[in-house]
Amino acid sequence: MRVLCVHPSSLMYSRIYLRLEPLGLELVAAAARNAGHSVELIDLQSETHDAYFRRLERFRPHVVAFSGNYLANVPEIVDLAKTTRERLPETTVIVGGHSVSFTANEVLEHAEGAIECVVRGEGEASFQQLLEAIELDRAAIAKVPGAVTARGTGPTPVFVHHLDDLDPARDLLRHRRRYYIGQLDPCASIEFSRGCPWDCTFCSAWTFYGRSYRLKSPECAVAEIESQRHVRGFFILDDVAFIQAEHGMAIGEAIARKGIDKMYWLETRADVLLRNKEVFKLWARIGLKTMFIGLEAVDEEGLKKFRKRVTNSKNFEALEFARSLGVNVAINIIADPDWDRERFRSIREWLCEIPEVVNVSVNTPYPGTETWHTESRKLISRDYRLFDIQHVVLPTKLPLADFYEELVATQQVMNRKHLGGRQIWGAAKNVAKLLAHGQTNFLKMLFKFNSVYDPKLQMADHARPVVYEMPLPPPAVERVDPASLYVHPARGRRGREIDDTTEGFVDQTRMGAAASPAGS
Ligand code: B12
Ligand code: SF4
């Protein structure tokens, strides 16, 4: 069969700071190709809807497979599915990915028959079986693990045998040089691990993978890095990088031994950074440029609320350590809709005092998270497009327009601090180097902020007519059984490839330990 894999457009955040290759979709595409299908891939982060429709006309796929990682992309996917079926009524449309795994039935309802099936969980393991069912026996779709159709739900999703078996179909992605993050222009994405053993209330990374944690072998990780000669660096996709020190060390040492000269960006936790200092020292030597560290809140009360059992002093100790390595740190903090002007003002003051880049996002309850079940505030909007943590969906204490004014003013402090004249001058050498190689992504980014972050535009987004509404959250409860949230069922302790000491460390630093049954 001819299979077209499609990634939807960029959301607000990626319109300015970065554009990353859709690795999950490349992996799913590889699974289809390995089963003998003829596969193409289009990424609407770097191509237009017109280009998609032209591709449909030319390729005339039997199956169109959308990637639905982001809730805010759901309306776009549903509309594209409907138009696809109008133009090619014989084509089967399916959707898989993170967010649709938690909202499968609603997505099918919105699509009114245009989407045949939503695949929950990891795509690689079930995609081949699904394509076979579509081709040979449609009744068998209901037996595919993770498949949800209007007629019912298949067995629970299954994991791929081993992360080492995976080989993304990177060659199918056009415009490879359009993917970048900061000076890593062009860049590729890579996974060293999958899943997260912690259980933060606002996050669905752990509920998707059933609190499991799996590793790619250092040999395979390094071979993949070596295969991407054309890029300047890699964005490491792991939810929390280098939880298991030996694993991070082994990859880093192999990179050093082989003299691989690349740059890296990653995301980790402050307590992991402090626990595995030697690993991060090594990575700083071999090219680690930037670390994202989620602090989420800057006072003890806020941190407790988000269940990160890292105290503020630990957070600041981690920042000190990262500075000592000469690695840039980008901190994420979460603004709550009940913040008033005074709170924003004090945050801005704090931002001016510290050298780090701070990304301010908005507290947003997502299906698949505990907060979706415990948040008692009523949503002010159920427009999927606003669920991108850059818009507000919970009631604000300030009038909404004032909240956005304060939020953008706070984000602007960072923009001025890091993308202002002096910094651009400082970045000039880098930009010149990139331009010499024909790479303009980073330069364009430097001038885009005001056209994307503007309170008036955000208010206008709230005024758009809403065609597809999110489901109402269930009545608020105080406690949620984590098992009821999982997409992949939990395999307990054996599902986590970490040693016992690290398992103990995770248990001490997660607040869910007391609340959930041991080994969940
Ligand atoms: C890396 C990452 C990013 C990157 C890269 C995104 C990209 N273009 O690749 C960046 C930094 C850009 C990013 C940005 C944001 N992200 Co993000 N991101 C992640 C992260 C950590 C990993 C995703 C990933 O690439 N995993 C590795 C690949 C291999 O897995 P995968 O893509 O999930 O694909 C697998 C399955 O989902 C499935 N699958 C995927 N597509 C398809 C298609 C078919 C047909 C099938 C069958 C299966 C299938 O099979 C794949 C292989 O197993 C996830 C957390 C997580 N663990 O999933 C959050 C996550 C997806 N992001 C999240 C959010 C909120 C955001 C932002 C909105 C944040 C912001 N600051 O604004 C932005 C917006 C992004 C945008 N589209 O513009 C939330 C999603 C919330 C939601 N419900 O919508 C997550 C879940 C994190 C969280 N804490 O809850 N993100
Ligand atoms: S540490 Fe918390 S926020 Fe980070 S991925 Fe794990 S559960 Fe999500």
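Refer to the structure presented above.
Residues numbered from 1 in each chain as written. Chains lettered and ligands numbered in written order. Predicted model: local features only at pLDDT ≥ 70, side-chain atom pairs only at ≥ 80, totals over all residues. Heavy atoms only, no water.

Asks: I'm lost on the overall build of the chain in this one. Help?
Replies: Scanning the chain from terminus to terminus reveals 23 helices and 17 strands. Within the chain, residue pairs in contact and separated by at least 24 positions form 77% of the contacts whose partners lie at least 6 positions apart. If you sum the accessible surface of the chain, you get close to 21500 Å²; carbon and sulfur atoms cover 52% of it. (Helix = DSSP H or I, 4+ residues; strand = E, 2+ residues; numbered from the N terminus. Contact = heavy atoms within 4.5 Å. Areas by Shrake-Rupley, 256 points an atom, 1.4 Å probe, with all protein chains shown as cover.)

Asks: Help me understand the sheet that holds strand E8 (residues 152-153), please; the structure alone is not making it clear to me.
Replies: Picture the strands of a sheet paired through backbone hydrogen bonds; they go either parallel or antiparallel. Ordered by their spatial adjacency, seven strands build an open sheet running E3-E1-E4-E5-E6-E7-E8, and the pairing between neighbours is mixed. Unpaired on one side and paired on the other, strand E3 (38-43) and E8 mark the two borders of the sheet. Across five bridges, the pairing between strand E4 (residues 63-67) and strand E5 (residues 92-96) is parallel. Each bridged residue has a counterpart across the sheet, and for valine 64 the counterpart in E5 is valine 93. Helix H7 (residues 124-136) rests against strand E1 (2-7), E4, E5 and strand E6 (117-119) of the sheet, and its axis sits at about 160 degrees to E5. (Pairing = 2+ DSSP bridges. Axes fitted to C-alpha atoms, helices over the stretch in contact; angles between N-to-C directions.)

Asks: Explanation requested: the nonpolar core in the structure shown.
Replies: As a rule of thumb, soluble globular proteins bury nonpolar side chains together. Ranked by size, the top nonpolar core spans 67 residues in total, and within it Phe280 and Trp283 carry the most contacts. At six residues, helix H17 (residues 400-419) tops the list of elements feeding residues into this core. For phenylalanine 280, the residues in contact, after removing those within four places along its chain, are Ala241, Phe242, Leu266, Thr268, Val272, Leu273, Leu288, Met291, Phe321 and Leu325. Ranked by size, the runner-up nonpolar core spans 39 residues in total, among them Val95, Ile115, Val118 and Met470. (Core = buried A, V, L, I, M, F, W, Y, C linked by side-chain atoms within 4.5 Å. Buried < 20%, exposed > 50% of the residue type's maximum accessible area, 1.4 Å probe, protein only.)

Asks: Is there a simple way to think about the site of ligand 2 in this case?
Replies: For ligand 2, the full set of nearby residues is Cys196, Trp198, Cys200, Phe202, Cys203, Ala205, Trp206, Asp239, Val240 and Arg269. In terms of residue class, the shell around ligand 2 is built from eight nonpolar, no polar and two charged. (Near = heavy atom within 4 Å. Nonpolar A, V, L, I, M, F, W, Y, C, P; charged D, E, K, R; others polar.)

Asks: Would you explain the packing of helix H10 (residues 245-258) against helix H12 (residues 277-286) in this entry?
Replies: Think of two packed helices as two axes; the pair is described by the angle between the axes and how far apart they sit. At their nearest, the axes of H10 and H12 sit 9 Å apart, and the two run at 25 degrees to each other. In this view, H10 runs roughly parallel relative to H12, as classed from their interaxial angle. Between H10 and H12 lies a crossing whose hand is left-handed. Counted together, Ala245, Gly248, Met249, Ile251, Gly252, Glu253, Ile255 and Ala256 of H10 and Glu278, Val279, Leu282, Trp283 and Ile286 of H12 form the full contact between these two elements. Residues that form the contact of H10 with H12 fall into these classes: nine nonpolar, two polar and two charged. (Parallel < 35°, antiparallel > 145°, perpendicular 65-115°, else oblique. Left-handed = near helix turned anticlockwise from the far one by under 90°.)

Asks: Before we go on, may I ask you to explain the packing of aromatic side chains in this structure?
Replies: Two measures describe an aromatic ring pair: the distance that separates the ring centres and the angle between the ring planes. What the rule picks out here adds up to 18 aromatic pairs. Ring geometry for phenylalanine 234 versus tyrosine 264: centroids 6.1 Å apart, planes at 15 degrees, classification stacked. Linking phenylalanine 234 in strand E13 (residues 233-236) with tyrosine 264 in strand E14 (residues 263-268), this pair joins segments that are 30 residues apart in sequence. Of the residues examined, tyrosine 264 reaches a relative accessible area of 0% and is grouped as buried. Ring-pair connections join several aromatic residues into one group, and the members of that group are Phe192, Phe234, Phe242, Tyr264, Phe280 and Trp283. (Phe/Tyr/Trp six-rings, centres within 6.5 Å; stacked < 30°, edge-to-face > 60°.)

Asks: What is the right way to look at the side chain of glutamate 375 in this model?
Replies: Structurally, glutamate 375 can be placed in the loop between helix H16 (370-374) and H17. We classify glutamate 375 as buried; its relative accessible area is 19%. Sequence-distant contacts of glutamate 375, that is, excluding residues within four places in its chain, are made with Pro365, Leu394 and Ala476.

Asks: What exactly am I supposed to notice about the environment of glycine 492 here?
Replies: Looking at the element boundaries, glycine 492 is found in the loop between helix H21 (455-463) and helix H22 (500-509). By relative accessible area, glycine 492 is classed as buried at 12%. Sequence separation between glycine 492 and arginine 211 is 281 residues, and the spatial gap between their C-alpha atoms is 7.9 Å.

Asks: What is the right way to look at the packing of helix H4 (residues 74-87) against helix H6 (residues 104-111) in this model?
Replies: Packing of H4 against H6 brings their axes to within 9 Å, and their N-to-C directions diverge by 45 degrees. With respect to H6, the axis of H4 lies oblique. The way H4 lies across H6 gives a crossing that is right-handed. Judged by residue contacts, Val74, Val78 and Lys82 of H4 engage Val107, His110 and Ala111 from H6. Among the residues making up the contact of H4 with H6, the classes are represented as four nonpolar, one polar and one charged.

Asks: Teacher, can you tell me more about H6 here?
Replies: Buried within H6 we find Ala104, Val107, Leu108, His110 and Ala111. The buried residues of H6 all sit within an arc of 160 degrees when viewed along its axis, so they share a single face. Summarising the contacts, the buried residues of H6 are in contact with H4, helix H5 (98-102), E6 and strand E7 (147-149). (Arc of directions from axis to C-beta.)

Asks: How should the pattern of salt bridges be read in this particular structure?
Replies: Oppositely charged side chains can pair when the atoms bearing their charge come close. Counting across every chain of the model gives 37 salt bridges. Of the charged contacts, one joins arginine 170 and glutamate 224 as a salt bridge, the two residues approaching to 3.1 Å between their closest N and O atoms. One end of the pair, arginine 170, is in the loop between E8 and strand E9 (180-181); the other, glutamate 224, is in helix H9 (residues 218-227), and 54 residues separate them in sequence. Of the residues examined, arginine 170 reaches a relative accessible area of 7% and is grouped as buried. Arginine 269 is paired through a salt bridge with aspartate 271; the nearest N and O atoms lie 2.8 Å apart. For arginine 269, a relative accessible area of 4% translates into the label buried. Linked through salt bridges whose partners overlap, the residues forming this network are Glu21, Glu26, Arg170, Arg176, Lys216 and Glu224. (Salt bridge = Lys/Arg side-chain N within 4 Å of Asp/Glu carboxyl O.)

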